[in-house]
Amino acid sequence: MHFTKWQACGNDFVFVNGFEENLEEITKHTVEICDRHFGIGADGIIFVLPSDKADLRMRIFNADGSEAEMCGNGIRAFAKWAHELGLVKEKRISVETGAGILYPELLNSGLVKVDMGKPHLTAEEIPVTGLGKGPVISQPLFNEANQKSYDVTCVSMGNPHCVIFVDDAEKVNVAGEGPSLETDPHFPRKTNVEFVSSLGKNHFRMRVWERGTGITMACGTGTCASVVAAILNGKTEKEADVDLDGGRLHIVWDGHPEDHVFMTGPAEKVFEGTCKL
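On a predicted model such as this, the values are computed, not experimentally measured, just so you know. (Residues numbered from 1 in each chain as written. Predicted model: local features only at pLDDT ≥ 70, side-chain atom pairs only at ≥ 80, totals over all residues. Heavy atoms only, no water.)

1. Thoughts on a nonpolar patch on the surface
Let me state the cut-off plainly: Put simply, a patch holds well-exposed residues, over 30% relative accessible area, that have no salt bridge, with like charges counted together within 9 Å and Val, Leu, Ile, Met, Phe, Trp or Tyr side chains within 5 Å. Accessibility throughout is a Shrake-Rupley quantity obtained with a 1.4 Å probe, and a residue counts as covered only by protein chains that appear here. Salt bridges are identified by distance alone: a Lys or Arg side-chain nitrogen within 4 Å of an Asp or Glu carboxyl oxygen. Here a strand is any run of E in DSSP of at least two residues, a helix any run of H or I of at least four, and the numbering for each starts at the N terminus.
A cluster of nonpolar side chains, namely Phe19, Leu85 and Leu87, defines an oily patch on the protein surface of about 230 Å² accessible area. Inspection of the secondary structure puts Phe19 in the loop between strand 2 (11-17) and helix 1 (23-27).

2. Digging into the environment of Phe187
The topology assignment puts Phe187 in the loop between helix 4 (174-182) and strand 12 (192-200). Considered as a pair, Phe187 and Gly10 are 177 residues apart in the sequence and their alpha carbons are 27 Å apart.

3. Section: the pattern of salt bridges
Condition: Residue exposure (1.4 Å probe, protein chains only): buried if accessible area is under 20% of the type maximum, exposed if over 50%, otherwise partly exposed.
Enumeration according to the criterion identifies 14 salt bridges in this entry. As a salt-bridge pair, Arg36 and Asp43 come within 3.0 Å of each other at their nearest N and O atoms. The partly exposed category is assigned to Arg36, whose relative accessible area is 46%. Its relative accessible area of 10% is what places Asp43 among the buried residues. The residue Glu69 makes a salt bridge to Arg189 at a minimum N-O spacing of 2.2 Å.

4. Considerations on the environment of Gly10
Rule in force here: Throughout, a residue-residue contact means that at least one pair of heavy atoms, one from each residue, lies within 4.5 Å.
Here Gly10 lies in the loop between strand 1 (2-8) and strand 2. As for Gly10 and Asp167, which are separated by 157 residues in sequence, their C-alpha atoms are 24 Å apart. Excluding anything up to four places from it in sequence, Gly10 contacts Asp43, Met217 and Gly246.

5. A look at the pairing of strand 3 (residues 44-49)
Heads up, the rule is: Strand pairing requires that DSSP identify at least two bridges connecting the strands.
A large share of strand 3 lies buried, amounting to 6 of its 6 residues. As paired strands, strand 2 and strand 3 are joined by 5 bridges and run parallel to one another. Within the sheet, the bridge partner assigned to Val16 lies in strand 3 and is Phe47. Sheet topology places strand 3 next to strand 4 (residues 56-62); 6 bridges connect them, and they run antiparallel. Bridging across to strand 4, Ile45 finds its partner in Phe61. In this structure, the hairpin formed by strand 3 and strand 4 is closed by a connection of 6 residues.

6. Quick look at the packing of aromatic side chains
For clarity, the threshold we go by: Any two of the Phe, Tyr and Trp rings considered here, Trp counted by its six-membered ring, make a pair once their centres fall within 6.5 Å; the pair's planes then place it as stacked at under 30 degrees, edge-to-face at over 60, or tilted in between.
Across all of its chains, the model carries 5 aromatic pairs by this definition. The interplanar angle of 85° and the centroid separation of 5.9 Å between the aromatic rings of Phe3 and Phe271 together place this pair among those described as edge-to-face. With Phe3 in strand 1 and Phe271 in strand 18 (residues 268-274), the pair connects residues that are 268 residues apart, well separated along the chain. Judged by centre distance (5.9 Å) and plane angle (90°), the rings of Phe47 and Phe61 are edge-to-face. Of this pair, Phe47 sits in strand 3 while Phe61 sits in strand 4, and the two are 14 residues apart along the sequence. Both residues of the pair, Phe47 and Phe61, count as buried. Here a set of aromatic residues connected by ring pairs shows up, and it is made of Trp6, Phe13, Phe15 and Trp81.

7. Some points on unusual backbone geometry
Residues other than glycine predominantly adopt negative phi, and peptide bonds predominantly adopt the trans conformation. The step from Ile126 to Pro127 runs through a cis peptide bond, and the omega angle for that step is -10°. Residue placement: Pro127 occurs in the loop between strand 8 (112-115) and strand 9 (139-143). Despite not being glycine, Cys9 has its phi angle at roughly 55°, a positive value. Relative to the assigned elements, Cys9 resides in the loop between strand 1 and strand 2. For Cys9, a relative accessible area of 3% translates into the label buried. A positive phi angle, close to 60°, is found at Lys190, a residue other than glycine. Tracing the backbone shows Lys190 in the loop between helix 4 and strand 12.

8. A short note on the nonpolar core
To keep things clear, this is the line we draw: Only buried Ala, Val, Leu, Ile, Met, Phe, Trp, Tyr and Cys residues count toward a nonpolar core, and they belong to the same one when joined by side-chain atoms within 4.5 Å.
Judged by nonpolar contacts, the single largest core of 53 residues is most densely connected at Phe15, Phe78, Met116 and Val261. With 7 residues, the top contributor of residues to this core is helix 5 (residues 220-232). If we ignore the near neighbours within four places in the chain, the residues touching Met116 are Met70, Gly72, Leu102, Met157, Thr221, Cys224, Val261 and Met263. Ile126, Leu141, Leu181 and Phe195 belong to the second largest nonpolar core, which has 18 residues in total.

9. Regarding the side chain of Thr153
Quick reminder of the rule: A 3.5 Å cut-off defines polar contacts: any pair of N or O atoms within that distance qualifies, except that in protein one atom must be a possible hydrogen donor and the other a possible acceptor, and neighbouring residues in sequence count only when both atoms are side-chain atoms.
Its place among the elements puts Thr153 in strand 10 (residues 148-156). From its side chain, Thr153 meets the backbone nitrogen of Ser138 in a polar contact 3.0 Å long. Engagement of the side chain of Thr153 in a polar contact is seen with the side chain of Asn233, the distance being 3.0 Å. Beyond its immediate stretch of four places on either side in the chain, Thr153 contacts Val136, Ile137, Ser138, His161, Cys162, Val163, Ala229 and Asn233.

This is how it looks when you write it as structure tokens:
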């Protein structure tokens, strides 16, 4: 298997050209490939594939072998890689994902801006159960597994997120609290969990427990969800910078449910090679 390794704010992925490689065979080995000691090491594997709905199709498999709908950091690297492969020529392209068709754009600065689409805010869309049928904004949630109550704001960016605002995200035991929240019965498709604290006007710190992967250095969709949640809770207006373990992302959302979320951030190629399956 030929692969290319990319990272975006420290969120790292093994990219595979699905035009040339066998997806079904490779995904049998996802856990081994993503293992950081005995494999290549990554938060997931991303395939570039043909699409009859967009310029290209992106599929992503988490480090535990489960398939995710989308990845905000991954799609920025995807856009750069697709250009490098010569699969697309325009700077703004359309990408079919499990969360719908999204539009990344390569900027002259070297950063990538992505139209992430509309946030989904109702409990049914996210999905969340047992917390009402409308938007879930600063709602109390009692987690049976760790016997703690949280104020949660839930958002879907094509994948589910549970955003929790705290005084200091640095002090949260993400490894201790993330797993029980990911699998909480309120989330029928499990959830990503973001712990967010304010660093000043339009500036936040976020740490994340990703569904199917665990602690990662960044989560693009989670950063989008966190800023949407901050706007819904009156903690910022329209845009914000978010500091992650692996870098910073800039998120813009005008605050109306029909408005699209825009994410801008870096993506860098690390190395490429071959791996024997």
